[in-house]
Each structure stands twice: as C-alpha cells, then as structure tokens.
Amino acid sequence: MVWLIREFVFQEVGVVKVNEFELTDDLFEESGKEFEEKKIMNRPSSTFLKDSWIRLRKNKGAFTGLILIILIMFLAAFGPYMNSHGFDEQDLTRANLPPKVPVLENLPFIGLNGVDIRGTDQYAAKEVTEYYWFGTDDLGRDLWTRIWQGTRISLYIAFLAATLDLVIGVAYGSISAYYGGRIDNIMQRIIEVLMGIPNLIVVILLILILKPGILSITLAMVITGWVSMARIVRGQVLKLKGQEFVLASRTLGAKDKNLIWGHLIPNSLGPIIITTMFTIPTAIFTEAFLSFIGLGLQPPIASLGMIVNDGFKMLKIYPHMLMFSSVIISLIMISFNLLGDGLRDSFDPKMKK
Amino acid sequence: MKKYIASRVGYMLFTFLIIATFTFFLMQTLPGSPFNDERLSSTQKEVLNERYGLNEPLSVQYFKYLGNITKGDFGVSFQFDGRSVSSIIGERIGVSAILGAQSLVAGMIIGLFLGIIAALRHNTFIDYGAMVVAVLGLSIPNFVLAGLLQYWVGVRLGWLPVAFWEGFEYSILPTIALAAFVVATMARFMRTEMLDVLGNEYITTARAKGIKEYTVIMKHGLRNAMIPIITILGPLTVSLMTGTLVVEKIFSVPGLGEQFVKSILTNDYPVIMGVTLFYSLLFIIVILIVDILYGVVDPRIRLSGGGRREGK
C-alpha cells in the first residue's frame, strides 16, 4: 500500500511539502519483502474453546485437577491388571495384610513395609512372599485391585448419571425457554415441585423399591438430578434467544430445531460443561453415601463407597483399609471441584486478559 | 406480599402431598405385612386386618393415611413392638437437633470469618490458604472426614472420645465432621460477596468521607454482603440432614439419623417412611422460609410472581 500511495502522490505532484520540509525520493527506503511478510502474518483467529483452554492452563489448581483426573481414570482402567490378583479372589490365610510395596518398603517411616500398627511384620508372620501394594482386606482380597475396580464402578455411575442429566436437562431447559409462554409455565411448575423434594430422600425411597444395582442407583440419582441442569440451560437460552444473531437466523428461515441445536445450545456450552463437572463429584458422593447407609451395590462388586464403608469395620486395628480408599475418593472429589472452578473462570470472557 | 406467601405455601403443601402419596404407595408395594407371624391363624389375621383397617379399599386407606399424617401419626414400628413412629422421632430428634445446630452455628461463624479475611487480603497468602481450606471442605466427603478424625484424633492421639453421646466432649468430633461443609460453603460465599460489595462506589465514598476502615467494612461492607446468605441456607440444611445420617452412624450418636440407617438395615418400613416424611417436611419448611425471607429482602422476587432464586 505504502508503495502505491507514494508512487501515486509523486506522479501527481512530484514533490510533497510537509511542514515546509521537502520529501524527496532519496528519503524513502525500500521496505522490501520483510514488510510484506509481516503484513500477511496475522495472528490465528481464536475460538471460544481455544481461549478457554489457554486460560485454563494458566490456572494451576484446575490444571492439577485435570492431570489428577486423567491419572485416576488411567489407573481405574488399567490398575486392576497391574498385578495378578483378582478383585474377588479370597484367601483367608492372607487376610488383613498391611500394604507393602517393593523399593518403598526400605523406607520404614512411610509405612509401606508390611508392618502393622503394633509393629509386627505381618508378611513374615503369615509367610506371605507376594507384595500387596495397598494391603488386603478382611477376606484376603487385594485392596489395590479392589480399589481401582471400585473407582471404575464409581466413575462409571457418575459419568452415566452426568450424561443422562445432561441430555434430559438440556432438552427440557431449552424447550421450556425457547417456546416460552404456557409451555414454559407448566414446565417450570413441574420443576418447582421437584426442587422442593429433597434429592436424597427420593434416591433412598427409589432404591428401596428398585433394589440396589448400578443401573437403579444411577436412575435414582437422575430422577431429580437433571433439574439443576434444566434450570441453568433455561436461563441461558432465555438470555440468548432475544439477541440479534438469533433474530437474524430466524429471518433467514432457520427452523426451530436448527436454531436450538445450532445456535442456542452451542452458545450455552460453558455453563453446561461446568454444571456437568459439578454433577460428577456429587454423583460419586451420593453413591458412596448410599453404600454407607446400607443401600449400596451388593458384593462381590464393590464401589469406592463400599470399600470406604468396609474400612470402618476394622479402623482401629487395620487403618490401611480406610486410608487408601478415603484418600482416593477425596482426590477424585477435589480434582473435579478444582477443574469445575477453573472451568467456570476460564469460560468467563470477563476473565480474559 | 400476601399473595406471594400464599403461593409459596401452596407449593409447599402440594409438594408434601406428592411425597406422602409416594411413600404410601411405596409401602403398598413393599413385601411383608405387620402380621406375618406363622403362629397366627388366618381368622386371627383377618381380625387384625379388620382392626387396623388393612382390608379396606386402597382409596379409603390412602385418605386415612393422609388424615393420620396431619395429626402427626406416622404409624407403628415393625421393629419396636407397638411403638409409634412419632414417639421414636420425638425421642431421637433432640440429639440430632443439638448436633445440627452446633455445626451450623460453629460452621457459619468460622466460615464468615474466613471469607471476610480472604476478601480483605485478596490475592495474598491468607486468601489462598482460606480457599484451599474451602475446596477441601467442599470436596472431602463427610464420612471420610469423620473416619479420619475418629482414627487420628480419637484413636491415635486419644484426645477426644470416638463414640456415644455422654457430654459436650462427645459432640466435638461429630460437629467438626458436619461443620466442614458449612465452613467451606460459607467461606467461599462470603469471599465472593465481600469482594463484590467492596468494589462498589459507595464504599469508596465512605472511605473518602474519612470513616474508619473498621466501620466501612463492618457497616457498609459486611451488612450488604450478608443479605444473599439466605440463599445458601437451603443447601446447608440438606447437607446437615444427610450429614447426620452418616456422621451419627460413625460416631454412634443416638440421633434420628442413626435410627434411620438402622431402620434401613432392618427393613423397618414404617420408621423409614415416617422419618422420610419428617425430613421432607423439615426441608420444605426451610425452603419456604428461605423463599419468604428472600422475597422480603429482595422486592424484585415477589413482584415477578414467585420466580425462584438462580442456582441451588
């Protein structure tokens, strides 16, 4: 551009006067290729998700949470296969063994050397040569395998419940908000009644009829769980549907379905993802809570909550059973909460620096 | 305002009716009868059924059931011979109420304090410390915390009793286990609200007028920041109610929660249903109070005709 202008100006006038200073040809320098390249090299356009990802990475807490979640999911998937013990393999001759880990057993103070709290080496006493990384329970089952197996089931229930909440909540919320009027009114009254019923009461009552199982526990949680998602999606859609881009799309002849799925829901994605992130730890907690009050899964399958519950039986003599499962369930909850908080911040365009 | 309260009460009654209906039909589908005794002959059973109205049509039984509930009669326990469910609730609720109230008050005071300090020392070490405490309090399940406290403070260090209910020191560990969630919720909430309020122009004005910093924070800041606390009372009550179930079980506290868990394990259905109804009623009343209070504090809500607060 500068080239063109200069040539153009000089052709017309020959000499340009700026503040009585003559601009002659030799004052100018060729910009050359470098300048042209700089002009072309634009910053790549950024999307909402890319932006959020950059902000998320800067948030130390959330990023730690994310890494922990990935690690825990990896262990839940492959942990049970890392040693040769099965999760329901019982052997009373090796019951209640404290944890013992190769290499780490040489550091006595971290307590992974197979010595129980009274100071006897249970492995030597029971003549067990194998290593049980997290120890064994009262039936001689390997806790490492059981805990990761349990984590897998807990995570499975949580993800299933979160997905169902998501589907029902998004559909209900967006329909209610988009069509508005009487439909919205009726749908909101239903939600208000459901909100007034304490979740856990419904869950407990339903499990009394349905009998505990992975599916019944998940369903019991979903029956009231979708309400908060529906409310959030409704709020978002109500806010969005009055905006110009929706009007423009409608003017161009977009159908209701396309408007909802193509514009309204993608634009509500931030709050939807955040809500899901908080649904998962809640579901894990609820499942563990149910195990705790005697409405959990039936043996031999075990969830994390069941293992924590079992750990209480022999807390005073064999604390290792409670400690490992408690630490892992707490870590899962902390990671998801941290990630959820981080996502809330990173999806907020106001936080952009 | 009257109209608003009336609509809230209406919702409350309707919700309770739904729960009561649900529990009634649940009782019908569950196996077992109070007179499943092999020593009873069929005519004796007939007489008993007659006497307790169990051979009447379902609709009659249903309305009788609803009628009894309004009189506070939740039926008779299977497990404890002939004891009424309401007398069991009455006997057990005291301990749970003390535990709940203690946790709520202690948790709110500590949480309030943490939240305010964190907001005043925003982005400092103190702020981060308080928020770490808050995330831990929100994330660590109450039964895990109870187990850890019981083991480390009770068994290993031997500072406090680990079970039963025979004096104030017995209530300390269960209270901590229950209050952690309250502290965390409160601290996070207060921090956000305080930061929000302190950014307002009237705070700058107050400071510019030369009012003492203490007065600015307590009178102009805190008072305004405390209004929305009403909104978290609902979730807090729920957490305390469910928390008492597990915490009372772990510490063998003879409260309503412990009884409820025991009844589930022994299939004592009348007690389960009675306590469920009782808990629901409690919850619904708290929600009602929260809604009305919020309507009083924030006129926009009652004017818009009873829209509920956002977020749960």
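Note that the structure is a prediction, hence the values are computed from the model and not measured.

The rules behind each value
- Residues numbered from 1 in each chain as written.
- Chains lettered and ligands numbered in written order.
- Predicted model: local features only at pLDDT ≥ 70, side-chain atom pairs only at ≥ 80, totals over all residues.
- Helix = DSSP H or I, 4+ residues; strand = E, 2+ residues; numbered from the N terminus.
- Buried ≥ 20, exposed ≤ 12 C-beta atoms within 10 Å, placed from the backbone.
- Contact = placed C-beta atoms within 7 Å.
- Axes fitted to C-alpha atoms, helices over the stretch in contact; angles between N-to-C directions.
- Parallel < 35°, antiparallel > 145°, perpendicular 65-115°, else oblique.
- Nonpolar A, V, L, I, M, F, W, Y, C, P; charged D, E, K, R; others polar.
- Expected span 1.5 Å × (residues − 1).
- Bend = angle between axes of the 7 residues up to and from the residue.
- pLDDT = per-residue confidence, 0-100.
- Left-handed = near helix turned anticlockwise from the far one by under 90°.

A. Structural detail: the overall build of chain B. Per the secondary structure count, chain B includes 13 helices and 0 strands. In chain B, the succession of helices and strands from N to C terminus is α-α-α-α-α-α-α-α-α-α-α-α-α. The dimensions of chain B, computed from C-alpha atoms along their principal axes, are 90 × 60 × 25 Å. Put simply, chain B has 312 residues, and 37% of those count as buried. Once local pairs closer than 6 in sequence are excluded, the contacts in chain B between residues at least 24 apart make up 74%.

B. Molecular detail of the overall build of chain A. Looking only at helices and strands, chain A has 14 helices and 2 strands in total. Of all 353 residues assigned to chain A, the portion counted as buried reaches 41%. Of all intrachain contacts in chain A linking residues separated by at least 6 positions in sequence, the fraction that spans at least 24 positions is 72%.

C. Region of interest: the packing of helix H4 (residues 85-120) of chain B against helix H11 (residues 256-265) of chain B. All names here are of chain B. For the pair H4 and H11, interaxial distance at closest approach is 7 Å and the crossing angle is 130 degrees. Relative to H11, the element H4 lies oblique. For the pair formed by H4 and H11, the contact residues are Ile 88, Ile 89, Arg 92, Ile 93 and Ser 96 on the first element and Leu 256, Gly 257 and Gln 259 on the second. Looking at the contact of H4 with H11 residue by residue, the classes come out as 4 nonpolar, 3 polar and 1 charged.

D. Seen up close, the interface of chain B and chain A. Counting residues at the interface gives 40 residues for chain B, matched by 34 residues for chain A. Those elements that place two or more of their residues in the side of chain B that touches chain A are helix H1 (2-29), helix H5 (125-139), helix H6 (142-156), helix H10 (230-250), H11 and helix H12 (269-297) of chain B. At 10 residues, H1(B) tops the list of elements feeding residues into the side of chain B that touches chain A. Each residue belonging to the side of chain B that touches chain A can be placed in one class, and the counts come to 28 nonpolar, 9 polar and 3 charged.

E. Expanded view of H4(B). Between its first and last C-alpha, H4(B) extends 50 Å over 36 residues, near the 52 Å set by a 1.5 Å rise per residue. Within H4(B), the axis deviates most sharply at B:Ile93, by approximately 35 degrees.

F. The arrangement of the environment of A:Ser154 in detail. Checked against the element boundaries, A:Ser154 lands in helix H6 (residues 143-179). Among residues more than four places away in sequence, those in contact with A:Ser154 are A:Ile284, A:Glu287, A:Ser303, A:Leu304 and A:Gly305.

G. Layout of the confidence of the model for chain A. Residue and element names in this part refer to chain A. Of the residues in chain A, 76% have a pLDDT of 70 or more, and the chain-wide mean is 78. The lowest-confidence element of chain A is helix H1 (residues 2-12), averaging 48 in pLDDT; the highest-confidence one is H6, averaging 89. Taken as a whole, residues 1-11 scores under 50 in pLDDT and shows 3 contacts with residues more than four places along the chain or in a different chain.

H. Examining the confidence of the model for chain B more closely. Residues and elements named next belong to chain B. In the predicted model, chain B carries a mean pLDDT of 82, and the fraction of residues at 70 or more is 91%. When the criterion is pLDDT under 50, residues 305-312 qualifies, and its contacts beyond four places in sequence or with other chains add up to 11 contacts. Model confidence for the complex: the whole-complex pTM is 0.80, and ipTM, which rates the interface, is 0.81.

I. Expanded view of unusual backbone geometry. All names here are of chain B. With phi around 60 degrees, Asn 123 is a residue other than glycine that occupies positive phi space. In this structure, Asn 123 sits in the loop between H4 and H5. Residue classification places Asn 123 among the exposed residues on the basis of 8 C-beta atoms within 10 Å. Phi is positive for Ser 252, close to 50 degrees, though the residue is something other than glycine.

J. Focus on the packing of helix H7 (residues 181-196) of chain A against helix H9 (residues 214-241) of chain A. Residues and elements named next belong to chain A. With their axes 10 Å apart at the nearest point, H7 and H9 run at an angle of 130 degrees to one another. Judged by the inter-axis angle, H7 sits oblique to H9. Our pair here, H7 against H9, has a crossing hand that is left-handed. Contacts from Ile 191, Leu 194 and Met 195 of H7 reach H9 at Thr 224, Val 227, Ala 230 and Arg 231. Partitioning the contact of H7 with H9 into residue classes produces 5 nonpolar, 1 polar and 1 charged.

K. Layout of helix H12 (residues 269-292) of chain A. Residues and elements named next belong to chain A. Taking 1.5 Å of rise per residue, the 24 residues of H12 would be expected to cover 34 Å, and the 35 Å separating its terminal C-alpha atoms lies within 8% of that figure. For H12, the buried fraction is high: 18 of the 24 residues fall into the buried class. A positive phi of about 90 degrees marks Gly 294, the residue just after H12.

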